[in-house]
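# Reading the structure
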Amino acid sequence: MPNGKEVFEETDVTVAAENSGKIYAVGAGVGVSPDSLAANGTVAINRGNNNLEAIIGDYGSTHTNITNAENISVVANDSSSLLGIAGGVGISRQVAVGGSVAYNEIGNISGNEDGKKQQNTAQINNAVITTANGDTTADGVKINVGAFDNAKLTTAAVGVGVAAGNGVGVAVQGAAATALINKDTEASMSGVSITKQNTSGKGADVVVEADSNNSILTTADTASVAVGSTAVAVGAGVAVNRSEAGVKALVSGGSMNVNNLEVNAANSAAIETIGIGGSVAGGMGAGVTGSVAVNMIGNDTTAKIDGGADITAENNVVVDAQSDEQIANYAAVLQLLRRARQLVFP
């Protein structure tokens, strides 16, 4: 709603912004050689910085006037999803080499300082609000300002290499999957005046809520099989998540005559990282496997009232910040060395 807009009718006011976009990057590679060498490489990348805003008013000198409001809702909801998958298969009688990389990024963590953070914002700024008579509705007047992050990131990289012959067999595979988030989710009311049209009526119930409930799944998996008189199988899987997610619910300045005021901030992201590597060397040889799963978390969760805000509440004022991320790391390796050429190529 632009600055200086006036609403006088007894009505609901709704401002909503929604991001439900879906982005997919899928890459697959296959290399097959009946002789000496099979090589393949696959990369799948998603990068984006999409700001989302639902706003009434601004920080200028002109107020936005909303008179006789029954209910006001200002909501920004990010329910986008990113899927990045890279897979590769290499098959040869002597040497099979391959690598797969899958990369998802929100908010340009790897970019420059300008515009790094993706913004998900719901705000009422510099507004004068007069609520309708609270006793005319069963539930009373509601004013809700909410910013919600329900984004999903799925990142997977898989590599399989098979080298089997009568002489030397070498299979080398690597897979790397990375998910990066640099994002702020903010709900705020700044310089807002709320009064009742009828001083004897019931005041509004005001909720300012910011909630991040994103889901991140990252996995990197490899399998290397080498069979020959001399066999070497090498596999490495690396999965990395980095989250820099800020969640803020804020009431700053202004004056409010309300029934209840709640300022809530919650961060309950679910982050799961998986790294699996497997190697099989048949004949005289060696199997080498490595697997790494890493999470790097730097999230902030804040709920506050500041800026000299003048709050008069008939009942309760609640300021609540909760951080309850669910983080799981899984790393596993499998190695098998044996004289078993016939198990791969009879």
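Residues numbered from 1 in each chain as written. Predicted model: local features only at pLDDT ≥ 70, side-chain atom pairs only at ≥ 80, totals over all residues. Heavy atoms only, no water.

### Regarding the overall build of the chain
Within the chain, the secondary structure is distributed over one helix and 22 strands. In the chain, which comprises 346 residues, the proportion classed as buried is 46%. Taking contacts inside the chain between residues at least 6 apart in sequence as the whole, the part at least 24 apart equals 85%. Total accessible area on the chain is roughly 14,800 Å²; 51% of this is exposed by carbon and sulfur atoms. (Helix = DSSP H or I, 4+ residues; strand = E, 2+ residues; numbered from the N terminus. Buried < 20%, exposed > 50% of the residue type's maximum accessible area, 1.4 Å probe, protein only. Contact = heavy atoms within 4.5 Å. Areas by Shrake-Rupley, 256 points an atom, 1.4 Å probe, with all protein chains shown as cover.)

### Notes on the confidence of the model for the chain
Mean pLDDT for the chain: 84, with 87% of residues reaching 70 or above. Across the chain, the secondary-structure element scoring lowest on mean pLDDT is helix H1 (residues 341–344), at 36, and the one scoring highest is strand S11 (residues 142–149), at 96. Segment residues 339–346 is flagged for pLDDT under 50; beyond a separation of four residues in sequence, or across chains, it makes 15 contacts in the model. (pLDDT = per-residue confidence, 0-100.)

### Side note on the environment of asparagine 40
Assignment of secondary structure puts asparagine 40 in strand S4 (residues 37–48). Residue asparagine 40 is classed as buried on the basis of its relative accessible area of 12%. Sequence-wise, asparagine 40 and serine 100 are 60 residues apart; in three dimensions their C-alpha atoms are separated by 8.5 Å. Leave out the neighbours within four places in its chain, and asparagine 40 touches Gly29, Val30, Gly31, Gly88, Val89, Gly90, Val97, Gly98, Gly99 and Gln173.

### Looking at unusual backbone geometry
Unusually for a residue other than glycine, asparagine 68 sits at a positive phi of about 65 degrees. Residue position: asparagine 68 is located in strand S6 (residues 64–78). Overall, the relative accessible area of 12% leaves asparagine 68 in the buried class. Unlike most non-glycine residues, asparagine 126 shows phi in positive territory, near 50 degrees. Tracing the chain through its elements places asparagine 126 in the loop between strand S9 (118–125) and strand S10 (127–131).

### Some thoughts on the pattern of salt bridges
The tally for this structure, following the rule as stated, stands at eight salt bridges. The partner of lysine 142 in a salt bridge is aspartate 205, and the shortest N-O contact between them spans 3.2 Å. One end of the pair, lysine 142, is in strand S11; the other, aspartate 205, is in strand S15 (residues 204–212), and 63 residues separate them in sequence. Via salt bridges that share partners, Asp78, Asp149 and Lys183 belong to a single interconnected network. (Salt bridge = Lys/Arg side-chain N within 4 Å of Asp/Glu carboxyl O.)

### Describing the side chain of aspartate 205
Exposure remark for aspartate 205: the relative accessible area of 11% places this residue in the buried category. Only 2.9 Å separates the side chain of aspartate 205 from the side chain of asparagine 260, close enough to count as a polar contact. (Polar contact = N/O pair within 3.5 Å; in protein donor to acceptor, adjacent residues only side chain to side chain.)

### Re the nonpolar core
Core analysis: the largest hydrophobic core is formed by 36 residues, its most contacted members being Ile72, Ile124, Ile129, Ile143, Met189, Ile194 and Val206. Discounting chain neighbours no more than four positions away, the residues touching isoleucine 194 are Ile129, Thr131, Ile143, Met189, Val206, Ser255, Met256, Asn257 and Val258. The next biggest cluster of nonpolar side chains, apart from the first, holds nine residues, and it includes Ala86, Ala102, Ala175 and Ala239. (Core = buried A, V, L, I, M, F, W, Y, C linked by side-chain atoms within 4.5 Å.)

### A look at the side chain of asparagine 260
Turning to its location among the elements, asparagine 260 is positioned in strand S17 (residues 255–267). Using a relative accessible area of 18% as the deciding quantity, one classes asparagine 260 as buried. A polar contact of 3.0 Å, which involves the side chain of asparagine 260, links it to the backbone nitrogen of asparagine 316. Ignoring any residue separated from it by four or fewer positions in sequence, one finds asparagine 260 in contact with Ala204, Asp205, Val206, Asn315 and Asn316.

### A closer look at the pairing of S9
Every other side chain in a regular strand lies on the same face of the sheet, so the side chains alternate between the two faces. Along S9, seven of the eight residues are buried, which leaves the element largely enclosed by surrounding structure. By the bridge criterion, five bridges tie strand S5 (residues 52–56) to S9 in an arrangement that is parallel. By the bridge assignment for S9, leucine 52 is matched with asparagine 120. (Pairing = 2+ DSSP bridges.)

### Looking at a nonpolar patch on the surface
Residues Val30, Val32, Val89, Ile91, Val158 and Val160 make up a contiguous nonpolar surface patch of about 450 Å² in total accessible area. By the element assignment, valine 30 lies in strand S3 (residues 22–33). With relative accessibility at 65%, the residue valine 30 sits in the exposed group. (Patch = residues over 30% accessible without salt bridge, like charges linked within 9 Å, V, L, I, M, F, W, Y side chains within 5 Å.)

### Re the environment of glycine 174
Looking at the element boundaries, glycine 174 is found in strand S13 (residues 168–190). Residue glycine 174 is classed as partly exposed on the basis of its relative accessible area, which comes to 22%. In this structure, the C-alpha to C-alpha distance between glycine 174 and glycine 237, residues 63 residues apart in sequence, is 5.9 Å. Once residues lying within four places of it in the same chain are set aside, the contact partners of glycine 174 are Gly98, Gly99, Ser100, Thr222 and Ala236.

### Looking at the environment of glutamate 314
Take glutamate 314: it is sitting in the loop between strand S20 (310–313) and strand S21 (317–323). Here the alpha-carbon distance between glutamate 314 and leucine 261, two residues 53 residues apart in the chain, equals 9.6 Å. Once residues within four sequence positions are removed from consideration, glutamate 314 is found in contact with Lys196, Gly201, Lys202, Gly203, Val258 and Asn259. At 3.1 Å, the side chain of glutamate 314 forms a polar contact with the backbone nitrogen of glycine 203.

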